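# Structure assessment
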Amino acid sequence: MSRLAAPDYAVFGCLLGSSAVIGIYYALKEYISPRIEDTEDFMLGGRKVHIVPVAMSITVSFMSAITVLGTPAEVYGNGTMYWWFVVSLLIVAIITSEIFIPTFYRVGLSSTYEYLEKRFNRRVRLLATVMFIIETMLYMGLVIYAPSLALNQVTGLGLWMSIISTGVVCIFYTCLGGIKAVIWTDVIQGCVMVGGFLALAIKGSADLGGYSEVWRICEENGRVDFWRFDTDPRYRHTVWSILIGGTFFWLHIYAVNQAQVQRYLCCKSVNHAKG
């Protein structure tokens, strides 16, 4: 297996370095500014972050290494029915923007768990909070391990060193800069990811003789399938299973997950949050 060259290490180093610099920038900005920072500034960016970086942050916040590595493998192995998840995401976007976001702003929340306390009681809020912390710890373990394993394979960097370096940088800029640093780091990482996707698509198709040749190979091997409306549950993907199951799955992430709700609440108003 070929190893990374100097330009690859430069890109990787610049990405981690820029993330750390963003955290330092916002920490120094708040230190130098005469304005006293409160919890809302740190957690919600003072509720005045522009919609564009917030939208980009929302888009890439759950686009982990699991998604980046797993989705191409899923489509390669099981065909293009997976594209119906795009439709389910559109449904989720409409439901979230028209029902959930206005509710969060109307009630004046800073987290989804405040709503649970207002609607039920404090014990329900604490239970949901503990469950979310446990879920996030397990999830973050996976999403840090996956890119660390990839780094280990292509760079020879030790697995534990990859895990520690990735985790330390993320903790560093988050603790120093708060949600603003997280959002702008997501913007940079999103741009790098999109650039990488385009580079891979262009290079890969060029090596195979163009997009038409890629499509021909996929068709010949039974990977092109967009219209499976069967109700048989033994099929891996159908329009109904993805539209129904995918909608409920993505709702729990984009409608009520604290990582996303916190970003919605960073916007200036409910109209900005709805996009």
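The structure this text deals with has already been given above.
Below you will find a few notes about this structure. Since the model is a prediction, treat every value here as computed from it, not as a measurement.

## Let's talk about the packing of aromatic side chains
- Within this structure, the stated rule accounts for 12 aromatic pairs.
- Between Trp84 and Trp227, the aromatic rings sit 5.7 Å apart at their centres with planes inclined by 80°, giving edge-to-face as the arrangement. Taken as a pair, Trp84 in helix H5 (residues 84-107) and Trp227 in the loop between helix H9 (211-220) and helix H10 (239-254) lie far apart in primary sequence, 143 residues in all.
- The interplanar angle of 75° and the centroid separation of 6.4 Å between the aromatic rings of Trp84 and Phe229 together place this pair among those described as edge-to-face. Linking Trp84 in helix H5 with Phe229 in the loop between H9 and H10, this pair joins segments that are 145 residues apart in sequence.
- For Trp84, a relative accessible area of 9% gives the class buried.
- Judged by relative accessible area, Phe229 falls into the partly exposed class, the value being 39%.
- Feature note: the residues Trp83, Trp84, Trp215, Phe226, Trp227, Phe229 and Trp240 constitute an aromatic cluster, connected by ring pairs.
- Lying across the ring of Phe120, Arg119 places its NZ or CZ 5.0 Å from the centre.

## Re unusual backbone geometry
- With a phi angle near 55°, Arg47 is a residue other than glycine that sits in the positive phi range.
- In this structure, Arg47 sits in the loop between helix H2 (39-44) and helix H3 (51-61).
- On the basis of relative accessibility, which here comes to 22%, the residue Arg47 falls in the partly exposed class.

## A short note on the side chain of Arg263
- Its location among the elements puts Arg263 in helix H11 (residues 258-264).
- Reaching out from Arg263, the side chain makes a polar contact with the side chain of Ser57 at a distance of 2.6 Å.
- Polar side-chain contacts of Arg263 include one of 2.6 Å to the backbone oxygen of Ala259.
- Beyond its immediate stretch of four places on either side in the chain, Arg263 contacts Val54, Ser57, Ile58, Ser61, Val182 and Asp186.

Calculation notes
- Counting from 1, residues in each chain are numbered in the order their sequence is written.
- Where local features are concerned, this predicted model is filtered to residues with pLDDT of at least 70; where side-chain atom pairs are given and counted, the filter is 80 or more; whole-chain, interface and lining totals use all residues.
- To get the side-chain values, all heavy atoms of the structure are used, and hydrogens and water are removed first.
- Within 6.5 Å between ring centres, the rings of Phe, Tyr and Trp (the latter by its six-membered ring) count as paired, and their orientation is classed by plane angle as stacked under 30 degrees, edge-to-face over 60, tilted in between.
- Helix numbering and strand numbering both begin at the N terminus, where a helix is a DSSP run of H or I of at least 4 residues and a strand a DSSP run of E of at least 2.
- Throughout, exposure labels follow a simple rule: accessible area from a 1.4 Å probe, protein chains only, divided by the maximum for the residue type, with under 20% read as buried, over 50% as exposed, and the rest as partly exposed.
- We call a charge positioned above a ring when the Lys NZ or Arg CZ atom is no farther than 6 Å from the ring centre and deviates by at most 35 degrees from the ring normal.
- In the analysis that follows, any N or O atom pair within 3.5 Å is treated as a polar contact, provided that within protein one partner can donate a hydrogen and the other can accept it, and provided that, for residues neighboring in sequence, both atoms belong to side chains.
- Residues are treated as being in contact if the distance between any of their heavy atoms lies within 4.5 Å.

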